[in-house]
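Report on the structure
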Amino acid sequence: MTTDVIDVPPPDVAPEDTELPMGVGRFDRGWRTFIIFPIIGVVIGLIAYLYERNQGLVVTGMRDLGSMRGATWGLYITLVVYFVGVSFAGITIAAVIRLFHLEQLRGIARMAELMTVVALILGALAIVVDLGQQMRGIVNLFRYARPQSPFFGTFSLVISGYLFASIVYLYVTSRRDASRMASQPSKLRRFFQWWSAGYEDTSDQRARDSRTSFWLALAILPLLVVAHSSLGFVFGLQVGRPGWFGTLQAPAFVILAGVSGIGHIIVMAAMIRKSLGAEDRIGMDAFSWLGRALMILLFVYVYFIVVELLTITYQPSVAEQQLSEALLTGRYAPIFWGSTLALLVSLIALAVMGLQKRWRLSWLIAAGVLVNVGALGKRYLIVVPSQTHGQLLPYGVGSYTPSWVEIGVAIGLFSLGTLMVAVFMKVFPIIELDDDLEEVST
Amino acid sequence: MNRRDTITIAMIIIGLTLMVTSYFFGAAPFCSDGVECSNPRVQWSPAVFVLGVVIAFSSAIYYEVAKDKRE
């Protein structure tokens, strides 16, 4: 049995003008206007990075610990942790959808996979910009890294293994749509033919697809738990750093990763749903599922915050007391209480919707944005205060403020992510094509 | 077992072997009391580990894309 696409061009229309589904290949005025902003952001980031490359890391706000009373890890490492966290939920949801056949979420599967790939690329770039000698850092990592070091787990598993696995997963699960797109005459036809790589929509091929995606999902899930836990261990295993050392770091990393990632997916899915008019493909049942998942993870994370607060304030050492004061009433209090409030408000909104069993998209979007603001703040608080206020050695209290260069690079990274998603949407269906709507058997 | 299955399984085994070998026998030993604990026993072991991950996951692409003889 072969399949053809219904949308055959009328005879008076040139084959190249065929309208592809999901807005693919249509670079309309709205899209062109939209991408001006991320392009400007990328240019800002590039200028800031080239300036840093030329002048050295001295143009950032980062300084040596102790003697220079600064922080060696700042906004860039915050972004690494944040982006890698965002990637977690994407591939988890994509894998869970296929493993447990959650049909109501199928519409968001591909964007979740894409989000993972984009977030991991941004995470890798955030590491690169944090290095004074990029090539030396990259080469030496692959040459000398020690398996016992959590950095080995983080950078070899997360950035290379996990990124590669996610790209493979995205490719394998998209070949069928590529083949269906290639069956329509368009300017992108050759590209789709290359992507589909000889895919034929036979029952054999579908069974093979199903097997491959199942085993890939099964292999990726433990890999990503190990990878994200090891990112938590980068901080949690540092015994000489109050605020970092602790058993909760790894699970808290995984939970907050889920929170920020699901928040991102909600916002991204709502925007794409609106821009493509795909209300039938991404229904409210998908958003309510995401809302419930976000609510449960937020409950767990808030519990972690309470436990952490009790632990550092109950009977702290001198350094821990200094750190907790800086967090609760001192220099970092606005970020601490701001991010905690953002997470709590989201949790209350989600709990109200959950109790009423009535999920509102606008509230979910607001919760998705707020949890990401909160997560970014929490990531910053994990990375920075323990360096400036968590000294065991007899150094004074330090400080760190990101410079315009770091802020410029951060703008560039977020803009690059937006641009990558926007371009992907125009060259490939970001929502899986529906059998009933797009195809007919002949 | 056809050729596709054989090569796919071979790629997974080769990938896993590279990962295990480089991690446990090529990289720095699991100790912390000497310089020899810091340096890898075989240079580029972490790169070999990553190569193992790449080969193991590439098996999925091969399994999907390769055509059997009878096809």
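Residues numbered from 1 in each chain as written. Chains lettered and ligands numbered in written order. Predicted model: local features only at pLDDT ≥ 70, side-chain atom pairs only at ≥ 80, totals over all residues. Heavy atoms only, no water.

Some words on the interface of chain A and chain B
- In this assembly, 33 residues from chain A lie in contact with 29 residues from chain B.
- Overall, the association of chain A and chain B removes approximately 2,500 Å² of surface from exposure, summing both partners, and the carbon and sulfur fraction of that is 66%.
- Between Arg175 of chain A and Glu64 of chain B there is a salt bridge whose closest N-O contact spans 3.0 Å.
- For the side of chain A that touches chain B, the residue count by class is 18 nonpolar, seven polar and eight charged. (Contact = heavy atoms within 4.5 Å. Buried area = accessible area lost by both parts, 1.4 Å probe. Salt bridge = Lys/Arg side-chain N within 4 Å of Asp/Glu carboxyl O. Nonpolar A, V, L, I, M, F, W, Y, C, P; charged D, E, K, R; others polar.)

A short note on the environment of Phe57 of chain B
- Structurally, the position occupied by Phe57 of chain B is in helix α2 (residues 45-65).
- On the basis of relative accessible area, Phe57 of chain B is assigned to the buried category, the value being 10%.
- Phe57 of chain B sits 42 residues away from Gly15 of chain B along the chain, and the two C-alpha atoms are 8.2 Å apart.
- If sequence neighbours within four positions are ignored, Phe57 of chain B has contacts with Phe164, Ala165, Val168, Leu216, Ala219, Ile220 and Leu223 of chain A. (Helix = DSSP H or I, 4+ residues; strand = E, 2+ residues; numbered from the N terminus. Buried < 20%, exposed > 50% of the residue type's maximum accessible area, 1.4 Å probe, protein only.)

Comments concerning the environment of Gln133 of chain A
Residues and elements named next belong to chain A.
- Considering the arrangement of structural elements, one finds Gln133 in the loop between α3 (106-130) and α4 (134-144).
- The partly exposed category is assigned to Gln133, whose relative accessible area is 47%.
- Between the C-alpha atom of Gln133 and that of Ile312, which follows or precedes it by 179 residues, the distance is 37 Å.

A short note on the confidence of the model for chain A
Residue and element names in this part refer to chain A.
- Here chain A averages 86 in pLDDT, and 93% of its residues register 70 or above.
- Here strand β2 (residues 439-441) is the element of chain A with the lowest mean pLDDT, 38, and helix α15 (residues 404-427) is the one with the highest, 96.
- Low pLDDT (under 50) marks residues 1-6, which in the prediction has 20 contacts with non-local residues, meaning those over four places away or in another chain.
- Below pLDDT 50 for its whole length, residues 437-442 participates in 25 contacts with residues either more than four positions away or in separate chains. (pLDDT = per-residue confidence, 0-100.)

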